[in-house]
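Breakdown of the fold
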Amino acid sequence: MIKLALFAGDGIGSEVAGEAVNVLKFLFDSNSVRYEIEEDLVGGASYDEYKKPITEKALKLAKDADAVIFGAVGGPKWESLPIELRPEKALLTLRYDLELYANLRPARIYDELIDASPLKKEVVQGTDMMIVRELTGGIYFGQPRGVFDLDDGQKKGVNTLVYTTKEIERIAKIAFEIARKRRKKVLSVDKANVLECTELWRNVVAGVAKDYKDVELTNMYVDNCSMQLIRQPKSFDVIVTTNMFGDILSDESSMVAGSIGMLPSASLNGKKGMYEPIHGSAPDIAGLNKANPLAAILSVAMMLRYSFDMDNLAEKIENAVERVIKNGYRTADIYSNAAGTKLTGTKEMGMAVIEELKK
Ligand code: NAD
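Residues numbered from 1 in each chain as written. Predicted model: local features only at pLDDT ≥ 70, side-chain atom pairs only at ≥ 80, totals over all residues. Heavy atoms only, no water.

Things to note about the overall build of the protein chain
Each helix and strand in the protein chain was counted, giving 12 helices and 14 strands. By its C-alpha atoms, the protein chain is 65 × 50 × 40 Å across when sized along the principal axes. The burial tally for the protein chain puts 54% of its 359 residues in the buried class. If you take every contact in the protein chain between residues at least 6 apart in sequence, the share linking residues at least 24 apart comes to 75%. Carbon and sulfur atoms provide 51% of the accessible area of the protein chain, an area that totals close to 16200 Å². Charged side chains in the protein chain number 47 positive and 52 negative. The centres of these two groups are separated by 3 Å. (Helix = DSSP H or I, 4+ residues; strand = E, 2+ residues; numbered from the N terminus. Buried < 20%, exposed > 50% of the residue type's maximum accessible area, 1.4 Å probe, protein only. Contact = heavy atoms within 4.5 Å. Areas by Shrake-Rupley, 256 points an atom, 1.4 Å probe, with all protein chains shown as cover. Lys, Arg positive; Asp, Glu negative; His and termini not counted. Charge placed at Lys NZ, Arg CZ, Asp CG, Glu CD.)

Focus: the packing of helix H11 (residues 311-326) against helix H12 (residues 346-358)
The interhelical angle for the contact between H11 and H12, taken along N-to-C directions, is 115 degrees, at an axis separation of 9 Å. The interaxial crossing formed by H11 with H12 has right-handed handedness. Here H11 contributes Lys 316, Ile 317, Ala 320, Val 321, Arg 323 and Val 324 to the contact with H12, which in turn contributes Met 349, Ala 352, Val 353, Glu 356 and Leu 357. When its residues are assigned to classes, the contact of H11 with H12 shows eight nonpolar, no polar and three charged. (Axes fitted to C-alpha atoms, helices over the stretch in contact; angles between N-to-C directions. Left-handed = near helix turned anticlockwise from the far one by under 90°. Nonpolar A, V, L, I, M, F, W, Y, C, P; charged D, E, K, R; others polar.)

Brief notes about the packing of helix H1 (residues 12-30) against H11
Contact pair H1 / H11: the axes reach a minimum separation of 11 Å and the direction vectors enclose 130 degrees. As the angle between them shows, H1 and H11 are arranged oblique. Judged by the twist between their axes, the crossing of H1 over H11 is right-handed. Two secondary-structure elements touch here, H1 through Val 23, Leu 27 and Phe 28 and H11 through Leu 313, Lys 316 and Ile 317. (Parallel < 35°, antiparallel > 145°, perpendicular 65-115°, else oblique.)

Some details on empty space enclosed by the protein
Taken as a whole, this structure holds one cavity of 30 Å³ or more when the rule is applied. Forming the walls of the largest cavity are Arg 105, Pro 106, Ala 107, Ser 250, Ser 253, Ser 254, Leu 263 and Ile 278. Listed by contribution, the elements that provide at least two residues to the lining of the largest cavity are strand S4 (102-108) and helix H9 (243-254). Residue composition of the lining of the largest cavity, by class: four nonpolar, three polar and one charged. (1 Å grid on protein atoms, 1.4 Å probe; cavity = no way out; pocket = protein on both sides within 12 Å on 5 of 7 lines; lining within 4 Å. Points joined across faces, edges and corners; volume = space filled by probe spheres on them.)

Thoughts on the packing of aromatic side chains
A complete count under the given rule lists four aromatic pairs for this structure. Ring centres 5.1 Å apart and planes at 45 degrees place the aromatic pair Phe 28 and Tyr 35 in the tilted group. Comparing Phe 28 with Tyr 35, the two get one shared label, buried. For the pair Phe 176 and Tyr 212, a centre-to-centre distance of 5.1 Å together with 15 degrees between the ring planes defines the contact as stacked. Of the two residues, Phe 176 sits in helix H6 (residues 165-180) while Tyr 212 sits in the loop between helix H7 (196-209) and strand S9 (216-221), which places them 36 residues apart along the sequence. Judged by its relative accessible area of 0%, Phe 176 falls in the buried class. (Phe/Tyr/Trp six-rings, centres within 6.5 Å; stacked < 30°, edge-to-face > 60°.)

Examining the domain arrangement of the protein chain
Along its sequence, the protein chain is organised into domain 1 (1-105 + 260-359) and domain 2 (118-256). Computed over C-alpha atoms, the centres of domain 1 and domain 2 are 25 Å apart. The interface of domain 1 with domain 2 comprises 17 residues on the first partner and 17 residues on the second. Note on domain 1 versus domain 2: buried area summed over both sides is about 1500 Å², and carbon and sulfur give 61% of it. Considering only the side of domain 1, the residues that lose the most area to domain 2 are Tyr 101, Asn 103 and Arg 105, jointly responsible for 47% of the buried surface there. (Domains from an automatic or database assignment. Buried area = accessible area lost by both parts, 1.4 Å probe.)

Right, here's the structure in full:
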């Protein structure tokens, strides 16, 4: 029995997660997979009800589940709250408490959506990469940190880049395992020429590579990588990197896919994972049936692949999404008025994916 926790959240979060769950239920029911989905409030919705962005009960639900499906949180209504009570705190708490140390962000371009990318067609066509970002360590968490007063009246701002062998090994293993399911290439990105901590990173990744002789490992400095992502995005397969480098490079790589509404993500601790679109709650289009649900639907496909080893079902969803795009369905964010395309709402897009799954 598969146990899932569902946190749809705020704004378009509930709209897109709703479509993702409809697709998942259809797939599970038609393939006789036994499952249960339990839902709770997070983010602003939880604050409105319980005066906190996530409750102990919701956290327990997440901890007890095999995987978590997350929509998005946030919105102007809650922006003036103290930081500890803001909706986004729910997300950080879940990542931290579940120790979701590996953030996977695939970025690929569908041929039919090439015009939605700001890059030239010949540069972007064929791009299909996976960024594996370390999510619970590095400079975002290292101590000491803070802004300190100096004797001469100046201030000193400090953040510390820290990685242990164990932290690097476990994220590297994830990258190599994923590469085995793809084109068997791992690129480790660091700044080993300047930062000792990432020199350790490079050496530990090389050590892990010895257990994956079938996967090719190369290294690149982060400044060069940021250039190559624009110059030749299709040359990348799996990129593994630190928390901050991954944060920056994954946003850069998302541009090859054209719209934020197309990009899924997974945050993993071994098989346990939380799956969510990379976008936020989009208050500007919330409740209008305009949001693109494909990122959320593709996140569920990632869940099937990475938490449950159901690669065949994951492929069914990914192929159905591809056919829906080929058939011209377009939510507003990817609509270009091209011949053969039809402007589609959130619900209709979800239904179109299910119709393809029926075929
Ligand atoms: P956003 O991602 O919500 O929206 C940015 C732009 O992209 C908007 O114009 C929006 O309409 C569009 N967009 C986003 N998702 C879309 C989709 N699926 N289909 C079509 N268009 C889409 O980012 P923002 O506006 O900076 O943030 C809004 C709120 O969301 C804030 O409160 C922010 O803190 C929160 N946020 C939450 C998450 C999360 O829950 N993981 C991530 C980012 C931002």
